[in-house]
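Next come the chains, spelled out residue by residue.
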Amino acid sequence: MIQRFYPPRRILMGPGPSDISPYVLQALSRPTIGHLDPLFIGMMDEVKTLLKYAFQTENEFTIPVSAPGSAGMEACFVNLLEPGDKVIVCRNGVFGERMRENAIRCGAQVVLVDDEWGQPVSVDKVQVAFEQNPDVKVLAFVHAETSTGALSDAQALAKVAKQFNALTIVDAVTSLGGVPLKVDEWGLDAVYSGSQKCLSCVPGLSPITFSPKAIERIQARTTPVQSWFLDQSLVLGYWNGGAKRSYHHTAPVNSLYALHESLLALHEEGLENAWQRHADMHQQLKVGLEALGFRFVVDEACRLPQLNSVYLPEGVDDGAVRASLLDNYNLEVGGGLGALAGKVWRIGLMGYSAKQENVALCLKALQQTLTQ
Ligand SMILES: *Cc1c(COP(=O)(O)O)cnc(C)c1O
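Residues numbered from 1 in each chain as written. Predicted model: local features only at pLDDT ≥ 70, side-chain atom pairs only at ≥ 80, totals over all residues. Heavy atoms only, no water.

A. Spotlight on the sheet that holds strand S12 (residues 331-335). Judged by pairing direction, the sheet is mixed, and its four strands sit side by side in the order S1-S12-S13-S11 without closing on themselves. Among the strands making up the open sheet, the edge pair consists of strand S1 (11-13) and strand S11 (307-311). For this sheet the average axis-to-axis angle between neighbouring strands, irrespective of direction, equals 30 degrees. In the sheet, S12 pairs with strand S13 (residues 344-348) via two bridges, with the strands oriented antiparallel. Looking across to S13, one finds that Gly335 is bridged to Trp345. Relative to the sheet, helix H12 (residues 318-329) contacts S1, S12 and S13, its axis offset from that of S12 by approximately 160 degrees. (Pairing = 2+ DSSP bridges. Helix = DSSP H or I, 4+ residues; strand = E, 2+ residues; numbered from the N terminus. Axes fitted to C-alpha atoms, helices over the stretch in contact; angles between N-to-C directions. Contact = heavy atoms within 4.5 Å.)

B. Local environment of the nonpolar core. Phe130 and Ile169 are the most contacted members of the largest nonpolar core, which totals 90 residues. With eight residues, the top contributor of residues to this core is helix H2 (residues 38-55). Three or more residues apiece are contributed to this core by two domains, here domain 1 (11-17 + 271-371) and domain 2 (22-267). What Phe130 contacts, discounting residues up to four positions off in sequence, is Ile88, Val136, Leu139, Val160, Ala161, Phe164 and Ala166. Judged by nonpolar contacts, the second largest core, of 23 residues, contains Leu325, Tyr329, Val333 and Val359. (Core = buried A, V, L, I, M, F, W, Y, C linked by side-chain atoms within 4.5 Å. Buried < 20%, exposed > 50% of the residue type's maximum accessible area, 1.4 Å probe, protein only. Domains from an automatic or database assignment.)

C. Quick look at helix H3 (residues 69-80). The terminal C-alpha atoms of H3 lie 17 Å apart, and with twelve residues this matches the ideal 16 Å at 1.5 Å per residue to within 8%. Taking burial as the measure, the twelve residues of H3 include ten buried ones, the bulk of the element. Taken together, the buried positions of H3 are Gly69, Ala71, Gly72, Met73, Ala75, Cys76, Phe77, Val78, Asn79 and Leu80. (Expected span 1.5 Å × (residues − 1).)

D. Highlighting the pattern of salt bridges. All chains considered together, the criterion is met by twelve salt bridges. Arg30 is the partner of Glu261 in a salt bridge, and the nearest nitrogen-oxygen pair spans 3.5 Å. Pair noted here: Glu261 is in helix H10 (residues 253-269) and Arg30 is in the loop between helix H1 (22-28) and H2, with a separation of 231 residues, a long-range link. In this structure, the salt-bridge partner of Lys86 is Asp135, at a minimum N-O distance of 3.3 Å. Highlighted residues: Lys86 in strand S3 (residues 86-91) and Asp135 in the loop between helix H5 (123-132) and strand S5 (138-142), separated in sequence by 49 residues. Taken together, the salt bridges that share partners define one network made up of Arg91, Glu97, Arg100 and Asp114. (Salt bridge = Lys/Arg side-chain N within 4 Å of Asp/Glu carboxyl O.)

E. Local environment of the domain arrangement of the protein. Domain annotation of the protein identifies domain 1 (11-17 + 271-371) and domain 2 (22-267). For domain 1 and domain 2, the distance between their C-alpha centroids amounts to 27 Å. Contact with domain 1, which involves 25 residues of that partner, is made by 30 residues of domain 2. Both faces combined, the contact of domain 1 with domain 2 buries some 2,200 Å², and carbon together with sulfur accounts for 68% of it. Considering only the side of domain 1, the residues that lose the most area to domain 2 are Leu271, Trp275 and Leu304, jointly responsible for 31% of the buried surface there. If you look at where domain 1 meets domain 2, you find zero salt bridges. Those elements that place two or more of their residues in the side of domain 1 that touches domain 2 are helix H11 (271-291) and S11. Counting residues per element, the side of domain 1 that touches domain 2 draws most heavily on H11, at four residues. Classifying every residue of the side of domain 1 that touches domain 2 by side-chain character gives 16 nonpolar, seven polar and two charged. (Buried area = accessible area lost by both parts, 1.4 Å probe. Nonpolar A, V, L, I, M, F, W, Y, C, P; charged D, E, K, R; others polar.)

F. Highlighting the site of the ligand. For the ligand, the full set of nearby residues is Pro68, Gly69, Ser70, Phe95, Ala144, Thr146, Asp171, Val173, Thr174, Gln196 and Lys197. Between Gly69 and the ligand, the recorded distance is 2.9 Å, taken from a backbone N or O atom to an oxygen atom. Within the side chain of Asp171, one N or O atom sits 2.7 Å away from a nitrogen atom of the ligand. (Near = heavy atom within 4 Å. Polar contact = N/O pair within 3.5 Å; in protein donor to acceptor, adjacent residues only side chain to side chain.)

Quick look at the structure:
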């Protein structure tokens, strides 16, 4: 017999989803109202305002896509690229490779800039790629590579793109809310994120923001966007229509209550304070992990505080230890992806998960499990 599903209360210290605060879970269970209800429309407008704050932008087009971060990625590629367009894609982990796959499916010509896993994207290599391909229209890179824990210099990369009159597509899924991200100051054009990493909301929403230049590019397209659902020129009328909003799709009403609540919490804490909290928790975790003999994959200078990749100690069985952490401590940490599978753990300190009790629990659980 199939019974009702009651998940255990885990502590989520992997690459996402992160822990969700009780306030956000409560918001999720409030009564569902119509997605064209005037009260709901008012709340959607507040979500946009709060997202602009989180992204540090005045971009009018700043909305949550009703689908996970991967859909935000796809939305940026399918709207900005047309068949034959040249794009530089930077690849220093799993998500850079996914960007390449998206660009190819748009019929774009991809110029790859590869860096080793664990390294940030090389600004010098991107500069050279532009010099060799001055007709490139878009530069795409991952700000915070969750597969390795490396942070790239989004500001410097965007500056190179500007020199060559190219737009930028930036993956900020793991960076938003965890490390400084300044869309307007840095001149980023199409930026997407996810609800379930440092925003600590339920999975399934992808905040995106498009600069006026990105909107111009979309309006100047000569071919229709290949995806109907992700065609942002259609979505504009839905999110920007105000009281005259017309139906595009049914918004995930309750998930948006949750996003509103989590963005409000970020606003109340203050972005700078949230960035500092992530940095502080990383310092505490780092000291403890190094005392246990762990080595970090990424150099301190470009290491993400919210995603700590460490090499497994000699002779440790990856699967067995992580299963034991889950069974005995209700603690989830992430395994390695791709080239790092079986070699590293990814310990997340994202959003509501980035707190002292969690750092202490993680260190204690690791110490006890590894000495057994
Ligand atoms: C998690 C993640 C994604 C994908 O988000 P989903 O919500 O899982 O679709 C994309 N890019 C990066 C850097 C991520 O960490």
